[in-house]
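What follows is the residue order along each chain.
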Amino acid sequence: MRDERKLLGILGVLVAVAVVTTLFSPSFVSAYNIENLLRRSALFGIIGIGASLVIITGGIDLSIGSLICLVGCLTPWLITVVGVTPWLVVPALLILATLLGMCHGLLVTRLKLQPFLVTLCGLFIYRGLTRGILADNTAGFGTEGSALRTLGNGRIHLPGIDGFALPAPLVILIVIAVISWLLLNRTVWGRHLKAIGCNETAARHCGIAVDRVKIGAYALCGLLTGIGGLLFVLDTGSAQPSNFGNFYELYAIAAAVLGGCSLRGGEGSIIGVLIGATLVQVLRNAIVLIDGIPDSIEFAVIGGIILIAVIADEAIRRFTTAHKSLK
Amino acid sequence: MRDERKLLGILGVLVAVAVVTTLFSPSFVSAYNIENLLRRSALFGIIGIGASLVIITGGIDLSIGSLICLVGCLTPWLITVVGVTPWLVVPALLILATLLGMCHGLLVTRLKLQPFLVTLCGLFIYRGLTRGILADNTAGFGTEGSALRTLGNGRIHLPGIDGFALPAPLVILIVIAVISWLLLNRTVWGRHLKAIGCNETAARHCGIAVDRVKIGAYALCGLLTGIGGLLFVLDTGSAQPSNFGNFYELYAIAAAVLGGCSLRGGEGSIIGVLIGATLVQVLRNAIVLIDGIPDSIEFAVIGGIILIAVIADEAIRRFTTAHKSLK
Amino acid sequence: MTSSEPLIEACSVTKRFGGVCAVDAVSLSIRGGEITAIIGENGAGKSTLVKLLCGVHRADEGEVRIDGQTVAMNGPADALSLGIAHIPQELELCDAMSVSQNLLLGCEPIGRFGLIDEDQCLRQARHSLEKVSLEIPLDVPVRDLGHGQRQLIAIARALDGDARVLFLDEPTATLSPAETTILLDQIVAMKTAGAAIVLITHRLAEVEQVADRVMVLRDGHPVASLAGDEVERSEMVRLMVGRDLEPIQEQETTSGEVRLLIKDLTSSAHPDPIHLEVRAGERIALAGLVGAGRSELLEALFGLRDRTGVVEVDGITIPPIDPARSVEMGLALVPEERASQGLALQMTVEQNAVLPGIHRHGGAFGWLERRAGEKVARQLVESLDVRPAATDLAVSELSGGNQQKVVIGKWLALHPGVLLLDEPTRGVDVGAREELHQRLMQLSKDGVAILFSSSEMEEVLSLSHRVVVLHEGRITGNLTTSNTSEEQIMALATGGDPR
Amino acid sequence: KGSVVPPDANAAPKLAFVTNGVADFWVLAGKGVQDSASEIGVDASFHMPPDGLADQKRIIEDLMVKGVDGIAVSPIDPVNQTPFLDRIAEQTLLITHDSDAPDSKRICFVGVDNYEAGRMCGELVEEALPNGGKVAIFVGRLEQDNARLRRQGVIDQILGREWDSSRYDKPGEKIAGNGFEVVATLTDQFDMAKGKANVEDILSRHDDIAGCIGLFAYNTPLILEALEQSGRSGKVKVISFDEDERTLQGIIDGTVHGTIVQNPYEYGAASMRLLKALTSGDRSGIPENGIFKVPARTIRKAEVESFREDMRKKLGK
Ligand SMILES: Nc1ncnc2c1ncn2[C@@H]1O[C@H](COP(=O)(O)OP(=O)(O)OP(=O)(O)O)[C@@H](O)[C@H]1O
Ligand SMILES: Nc1ncnc2c1ncn2[C@@H]1O[C@H](COP(=O)(O)OP(=O)(O)OP(=O)(O)O)[C@@H](O)[C@H]1O
Ligand SMILES: [Mg+2]
Ligand SMILES: [Mg+2]
């Protein structure tokens, strides 16, 4: 109830951007474009959900982009260069990503290191490792259309609807989102996660196994990042160690924070993250579709609109909460 | 007293890296190399100090890299392309940077937006703006050696010492560091800054003009970033809008956090920031100097050593504080 | 009912913090069906002893036994699993979460598919609130509640579990007599059911009322252990403080001109306009139940909350929501929650002491006059007897009562003209409280206007000239203290008729 | 100035090869550096600065500290780096490759003329689209000299303009003529997902797009991906740069019309050979005008098999 009101501002901006883009470029609402948008938003939504789990505990994960690089580059490399079967590669890499996330969690909880620092080291290390392992070579699936790749770029035709099909990553996102939503809002684990983010000492006093829950959140973030990395590379077909996934942690965190997560912890909504992720993708799409916006100011437009969205959000919140208090 | 103990771990790692590098590559301690290292560390030290001021309030500034890009690209562009005199360009851009920092502060305090989000928008907007203004052209001082450039790459010869000269940015850094240290530790403003970072509510209860102090911190961070951007471009001679200053916010924040700033606010030491900034630069230097370390794993080495440094830090702290307690 | 086997024992436990020995070879056995009170001066080591027994701290020497077995607990989770619950001295709640979520944190009922059973949650939450007679909606975030209400939630949570041993660290410090009675009834009921209760309090009347045994600590040493019938107030005071307390004799002060004037004040918690005058030399008490709106009134006056109406200090109007200006005008507020509102915990005593008046201690160009600051801090530590008497200690390392002294002291150092205090002696021991009262009387003699809220009837009656009673944000009585009684105030506070 | 460690007379000369970024293209050049280094007996190191200009400067400075006898650099911003390059040239033997800095004191330049290569690419476009049409250009970044010159070469060729490598059409402007229209030049900052999204967005925006031109090695595979997913593979002509495996396969399959290949392997090998000769004072290999041309080649269906064979051999696969 409270969470949903929070999203009105950003939802409004999303709708506004979509309407304006449609006016300037009708092809925005073509089936093909919508499919593209859904696929991209799904990919960023998945890593956004991962980021939000960690953010809810009051932590942060800066290593998302580099972990995407690690998984994204190793997948095609192991399959095509080393020649391992995909049935082994995919689970192995997802487990690796989960374990790496778990390591972050262990360092944060057991050694009490700051999450920012731990995952910053991750950001450097995973990218360096990937570049080292692949010796800076691009890794790609080559020309062979592996069955695996339909996970990333496949389309699921709906009975009775022509010309439009659900992108496979969207289906995966929906599954992940539903599970995460339940986890966060309907299970004890999720309740404890939020409590830790609100007040870790209080959570500890209530007998919550704070460390375990936190490590779990980092591990889940690792897993979701791994899934994201896999889908990204299945979609693009190849990955370059030096820049695959660069800055994606910022997009993931931006989606989470736009969607109502507070970096102080304790707050967050899965639906918000999805809207946040979509907003960024729609914006990037709009910039190419609308004539006359030079490509070079893309970032400025994205930044400006995000800022407008948060300000709108805040304005709406102030408007709806009649009483003010200083605290 | 308390702060200094914190730095032992990272200082130890810095010394260790320096010794190992010297063993493998004696030219590490050549005057030329030391000069280079001092210049680079000075540049990153300046922006690190800026970042630490904001971090002490419990905030963060992600826009540092992009603001460096804005100042760094506009300086040569205004001077050589537009043809404005440097005597106007430099103060104008520094004022601009300060004002932009102030805007961050205003948005954070008056609209109560999250610092992460506000400065993330800054990260996008300033880079987009710069790319737009310069239409993705590289901006440079060309071949003419302007007097201004000695600020960035000048060397100040010390009487009686041959073969070694102080890099100009180092002198600027020393001035900035001394002023910041005094500001932070010997003035009312610095005390207020720390109090706000420790407990904003309590600071407000004490009648501290919390908003004004915070805005000041963001403005100072903007100014220092502007100075940094200026010196960076004076050093390199030209700047490319799309990647000048990329990721520098991470280096700045890493220096601050390595140097003992807590992202929860309230803690920070200027000397620590300088050590942190130096460590990262020495590492990058060592990787090129020591034979047999492939460039591609540079990031992995940096990340690994930073991680070791923080873990050492934590271990020393635990060892020195005999008693343990929950919290 | 008393079973012979102790449920939990401390066997000569010692805990040191740096050079300070907070608890020094203390042994204590706690049995089911008994209420054990631990009393002692501020910094005597009460909280530390309790923290050792419930796994928050690990003892440096000695051991903790549960049911005769030596255990090494690693945090409250272990303690809870052994049936040991603890309400810490400083409130710890998840502010952004709702009342029911806070009440059930850590023991959420699980329904189908492993999901939380929300209906069951609400039922259990309502039940726990009934136990402490708190009537608030279950879905509001606890940050929207007053301090006393939040304290009751923390208590309700601990009462509700199936704990065999319950540690309460100054649970009643901000509760008014009505709530205190309910709480004491509850723990007596638990005791009768066989649980072991350990109560830390500075309100000796409560000890007399319910304790079966009393342990007195001084400087980390156990100095006495009294059993049921020996528990007597003056004896406890003598054991704690080491001397008898003289009842204070107040010299007559005449009130002067109006220093604080409140006209037509309304706010979100005060629907009806409030008028109030406080004259120089006058001490006015605000009385009321938990959530009556006393804290909100004080905060609104000081400029921490939105309000309408006029507030004047010495004839000059104070703008709303501008605490900096209020401080300038000579207004001071000792807040109710020292940890969250009063102190920058990681900073030292000295840094906290000069924080509000730092402009005045500052030299030219905003330069810190460190020697002046040091002087202020030393004065504070000496005059209020803060222990340990060091100024370079982080405030977080002080005991609760000593922290409170720092909060009060930092405002007294400013020599305010109008002093607002919210539960000023919360957590302060009897001896120190008498001294503090004397300080306040001296201040009013010097012409300071004092408006304070207190939940302790004794304090209200002994310290004030007049009592203003609030009920649900409205003033229900404005009485002259010498002509009133505890019963009359309580009747007004509960909204009833003052007979 | 500085302290360059004096070369040990008996030791093999120490040479270094510095690129302008990280790319597959450069990995190939690195292979050339290594192969020729072991062949001619030099001690070569190979560096790819990941973060642009400042990073490149740092690495070169550090190499000076380490002491190298010769260095081959691909300047990122030749005009503005000239003073810096001059300082390097004072300390050691300096040649440029890939991008030239003609006004600097570099001894010679190894590489193609990117503008010329661009025009060759333009010829391929004309061949693929004899009736003209809408085309879009995809590239990593536009600040780099090589990207700029290639793009200009393509545009000038298809618009039938005179040769003038100093011309520059801004990306936002309307560029049309000679039956062709360049609807957009989109950059992706080396972000693959963005690169693919750029193609998809152009396909949504322009139903009648006739050709897509990928200027950097990874652009063409991304174009192919997007076309395949949208079912327009083969309907939109693709013209490419460089020799990514999937580009070559695309030429064989007919989804790519052709590609312009440079010879990065040769950049590396030739640089090492020239520098080695220079260390012993032999300047005979340096052409009169200081430009050692490694010509670009056009690869169409006819040449692709033999080219691929040759490349695999070099890579030792
Ligand atoms: N975390 C800590 N670090 C250092 N010293 C501490 C810490 N906690 C408590 N102390 C010291 O231990 C001693 C005992 O403190 P404790 O909190 O047990 O007192 P207390 O009896 O509960 O007092 P109060 O009535 O004021 O709450 C004090 O001198 C205090 O300064
Ligand atoms: N931020 C807030 N938003 C909404 N309501 C609030 C807020 N703070 C307090 N209240 C409500 O205002 C009322 C008065 O609270 P206040 O803290 O002033 O009470 P009090 O008389 O000081 O009692 P105590 O502090 O002992 O609970 C309470 O009912 C509380 O629920
Ligand atoms: Mg205590
Ligand atoms: Mg109150």
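See above for the structure.
Attention in this report is confined to the structure presented alongside it.

About the criteria used
- Residues numbered from 1 in each chain as written.
- Chains lettered and ligands numbered in written order.
- Predicted model: local features only at pLDDT ≥ 70, side-chain atom pairs only at ≥ 80, totals over all residues.
- Heavy atoms only, no water.
- Helix = DSSP H or I, 4+ residues; strand = E, 2+ residues; numbered from the N terminus.
- Rg over C-alpha atoms; globule rule 2.2 N^0.38 Å.
- Buried < 20%, exposed > 50% of the residue type's maximum accessible area, 1.4 Å probe, protein only.
- Contact = heavy atoms within 4.5 Å.
- Lys, Arg positive; Asp, Glu negative; His and termini not counted.
- Charge placed at Lys NZ, Arg CZ, Asp CG, Glu CD.
- Phe/Tyr/Trp six-rings, centres within 6.5 Å; stacked < 30°, edge-to-face > 60°.
- Lys NZ or Arg CZ within 6 Å of the ring centre and 35° of its normal.
- Least-squares fit on C-alpha atoms with pLDDT ≥ 70 in both.
- Pairing = 2+ DSSP bridges.
- Axes fitted to C-alpha atoms, helices over the stretch in contact; angles between N-to-C directions.
- Near = heavy atom within 4 Å.
- Polar contact = N/O pair within 3.5 Å; in protein donor to acceptor, adjacent residues only side chain to side chain.
- Areas by Shrake-Rupley, 256 points an atom, 1.4 Å probe, with all protein chains shown as cover.
- Core = buried A, V, L, I, M, F, W, Y, C linked by side-chain atoms within 4.5 Å.
- Donors = N, O, S within 2.8 Å, 3.2 Å for Na, K, Ca; no water.
- Buried area = accessible area lost by both parts, 1.4 Å probe.
- Salt bridge = Lys/Arg side-chain N within 4 Å of Asp/Glu carboxyl O.
- Nonpolar A, V, L, I, M, F, W, Y, C, P; charged D, E, K, R; others polar.

## Quick word on the overall build of chain A
Turning to step 1, where the next piece is worked out: Broken down by element type, chain A carries 14 helices and four strands.
Turning to step 2, where the next piece is worked out: For chain A, whose C-alpha radius of gyration is 20 Å, the value lies close to the compact-globule estimate of 20 Å for 327 residues.
Turning to step 3, where the next piece is worked out: Looking at chain A as a whole, 64% of its 327 residues are labelled buried.
Turning to step 4, where the next piece is worked out: Considering only intrachain contacts with a sequence separation of at least 6, the fraction spanning at least 24 residues in chain A is 77%.
Turning to step 5, where the next piece is worked out: Computed over 23 positive and 17 negative side-chain charges, the inter-centroid distance for chain A is 11 Å.

## Quick word on the packing of aromatic side chains
Turning to step 1, where the next piece is worked out: On inspection of all chains with the given rule, the structure shows 23 aromatic pairs over all chains.
Turning to step 2, where the next piece is worked out: Arranged with centres 5.7 Å apart and planes meeting at 50°, the rings of A:F299 and B:F124 form a pair that is tilted. Pair noted here: A:F299 is in helix α14 (residues 298-320) and B:F124 is in helix α6 (residues 115-134), and the two residues belong to different chains. With respect to burial, A:F299 and B:F124 carry one shared label: buried.
Turning to step 3, where the next piece is worked out: Look at D:Y115 and D:W163: their rings are 5.7 Å apart centre to centre, the planes differ by 80°, and that puts the pair in the edge-to-face class. Taken together, the residues span a long stretch of sequence, with D:Y115 in helix α4 (residues 114-128) and D:W163 in the loop between α5 (145-158) and β7 (175-177) at a distance of 48 residues.
Turning to step 4, where the next piece is worked out: Judged by its relative accessible area of 54%, D:W163 falls in the exposed class.
Turning to step 5, where the next piece is worked out: These aromatic residues form a ring-pair network of at least three members: A:F44, A:F232, A:Y248, A:Y251, A:F299 and B:F124.
Turning to step 6, where the next piece is worked out: In this arrangement the basic side chain of D:R148 is found over the ring face of D:Y168, its NZ or CZ atom lying 4.2 Å from the centre.

## A look at the relation of the copies chain A and chain B
Each of the two chain copies can be generated from the other by rotation about an axis followed by a shift along it.
Turning to step 1, where the next piece is worked out: Under the fitted operation, chain A is carried onto chain B by 0.1 Å of movement along the axis and a turn of 180°, and the coordinates agree to an RMSD of 0.1 Å. Within this description, the copies of the chain are treated as partners about a two-fold rotation axis.

## Side note on the sheet that holds strand β16 (residues 331-334) of chain C
Paired through their backbone hydrogen bonds, the strands of a sheet run either parallel or antiparallel.
Residue and element names in this part refer to chain C.
Turning to step 1, where the next piece is worked out: Strand order across the open sheet formed by six strands is β16-β17-β18-β13-β19-β20, with mixed pairing between neighbours. Only two strands of the sheet have a single partner each, and these edge strands are β16 and β20 (474-480). Taken over all neighbouring pairs, the strand axes of this sheet differ in orientation by 15° on average, direction set aside.
Turning to step 2, where the next piece is worked out: Both strand β13 (residues 283-288) and strand β18 (residues 449-453) contribute to a ladder of four bridges, which runs parallel. Note on β18: the bridge partner recorded for I284 is L451.
Turning to step 3, where the next piece is worked out: Relative to the sheet, helix α18 (residues 486-493) contacts β13, β19 (466-471) and β20, its axis offset from that of β19 by approximately 30°.

## Observations regarding the site of ligand 2
Turning to step 1, where the next piece is worked out: Within the structure, ligand 2 sits among 20 residues, and C:D144, C:G291, C:G293, C:S295 and C:E296 are positioned closest to it.
Turning to step 2, where the next piece is worked out: Surrounding ligand 2 are residues belonging to chains A and C, so the site spans chains.
Turning to step 3, where the next piece is worked out: Note that an oxygen atom of ligand 2 is positioned 2.8 Å from one of the backbone N or O atoms of C:G148.
Turning to step 4, where the next piece is worked out: The separation between an oxygen atom of ligand 2 and a polar side-chain atom of C:Q149 is 3.1 Å.
Turning to step 5, where the next piece is worked out: Computed on the free molecule, ligand 2 has an accessible area of 630 Å², of which 84% lies beneath the protein chains in the complex.
Turning to step 6, where the next piece is worked out: Counting only elements with at least two residues in the shell around ligand 2, the list comes to α5 (147-160) and α9 (294-302) of chain C.

## Overview of the arrangement of the chains
Turning to step 1, where the next piece is worked out: The assembly contains five pairs of chains in contact; the pair sharing the most contacts is chains A and B.
Turning to step 2, where the next piece is worked out: When C-alpha atoms are compared, chain C and chain D, though not in contact, are closest at a spacing of 38 Å.

## Structural notes on the nonpolar core
Turning to step 1, where the next piece is worked out: Counting 295 residues, the largest nonpolar core has A:I208, A:F232, A:F244, A:L279, B:I208, D:I71 and D:V125 as its most contacted members.
Turning to step 2, where the next piece is worked out: For this core, the leading source of residues is helix α3 (residues 31-56) of chain B, giving 13 residues.
Turning to step 3, where the next piece is worked out: Not counting residues up to four positions away in its chain, the partners in contact with A:L279 are A:I10, A:V13, A:L14, A:V17, A:L258 and A:A309.
Turning to step 4, where the next piece is worked out: By size, the runner-up hydrophobic cluster in this structure holds 68 residues, among which are C:L276, C:W411, C:L419 and C:V469.

## Here's the deal with the coordination of the magnesium ion (ligand 4)
Four donors placed tetrahedrally around a metal ideally meet at 109.5 degrees, and six donors placed octahedrally ideally meet at 90 or 180 degrees.
All names here are of chain C.
Turning to step 1, where the next piece is worked out: The magnesium ion (ligand 4) binds to the protein through S295 (OG), E336 (OE) and E336 (OE), with metal-donor distances spanning 1.9 to 2.7 Å. Of this pair, S295 sits in helix α9 while E336 is found in the loop between β16 and α11 (338-342), placing the two residues 41 residues apart along the sequence. The same class applies to S295 as to E336, namely buried.

## Regarding the interface of chain B and chain C
Turning to step 1, where the next piece is worked out: Taken together, the 24 residues of chain B in the interface contact 38 residues of chain C.
Turning to step 2, where the next piece is worked out: Carbon and sulfur atoms make up 63% of the surface buried where chain B meets chain C, a total of about 2,600 Å² over both sides.
Turning to step 3, where the next piece is worked out: The largest contributions to the chain B side of the interface with chain C come from B:R186, B:R191 and B:H205, which together make up 28% of the buried area.
Turning to step 4, where the next piece is worked out: At the boundary of chain B with chain C, the tally comes to four residue pairs in polar contact (both at pLDDT 80 or more).

## Comments concerning the pattern of salt bridges
Turning to step 1, where the next piece is worked out: Going through the model one piece at a time under the given rule, you end up with 73 salt bridges over all chains.
Turning to step 2, where the next piece is worked out: Residue D:K196 pairs with A:D235 through a salt bridge whose shortest N-O separation is 2.3 Å. Here D:K196 is found in helix α6 (residues 192-205), whereas its partner A:D235 is found in helix α11 (residues 210-236) on a different chain. You'll find D:K196 and A:D235 in the same group, each marked buried.

## Regarding the interface of chain A and chain B
Turning to step 1, where the next piece is worked out: Contacts between chain A and chain B engage 50 residues on the former and 50 residues on the latter.
Turning to step 2, where the next piece is worked out: If you look at where chain A meets chain B, you find zero salt bridges.
Turning to step 3, where the next piece is worked out: Joining chain A to chain B, the criterion identifies four residue pairs in polar contact (both at pLDDT 80 or more).
Turning to step 4, where the next piece is worked out: Looking at the side of chain A that touches chain B, the elements with two or more residues in it are α6 (115-134), α10 (200-205), α12 (248-258) and α14 of chain A.
Turning to step 5, where the next piece is worked out: If one sorts the elements of the side of chain A that touches chain B by residue count, α6(A) sits on top with twelve residues.
Turning to step 6, where the next piece is worked out: When grouped by side-chain class, the residues that make up the side of chain A that touches chain B number 29 nonpolar, nine polar and twelve charged.

## Things to note about the site of ligand 1
All names here are of chain C.
Turning to step 1, where the next piece is worked out: Of all residues adjacent to ligand 1, which total 21 residues, the nearest are K46, S47, T48, S399 and G401.
Turning to step 2, where the next piece is worked out: Within the backbone of G45, a nitrogen or oxygen atom sits 2.8 Å from an oxygen atom of ligand 1.
Turning to step 3, where the next piece is worked out: At 2.7 Å, a side-chain N or O of S399 approaches an oxygen atom of ligand 1.
Turning to step 4, where the next piece is worked out: Contact with the protein chains removes 91% of the 630 Å² of surface that ligand 1 exposes when unbound.
Turning to step 5, where the next piece is worked out: Breaking the shell around ligand 1 down by element, the ones donating at least two residues are β2 (20-31), α1 (46-53) and α15 (400-412).

## Quick notes on the coordination of the magnesium ion (ligand 3)
Residue and element names in this part refer to chain C.
Turning to step 1, where the next piece is worked out: Only S47 (OG) and Q89 (OE1) from the protein coordinate the magnesium ion (ligand 3), and they sit 1.9 to 2.1 Å from it. Pair noted here: S47 is in helix α1 and Q89 is in the loop between β6 (84-87) and α3 (99-103), with a separation of 42 residues, a long-range link.
Turning to step 2, where the next piece is worked out: What makes S47 buried here is its relative accessible area of 18%.
Turning to step 3, where the next piece is worked out: Q89 sits in the buried class, given a relative accessible area of 12%.

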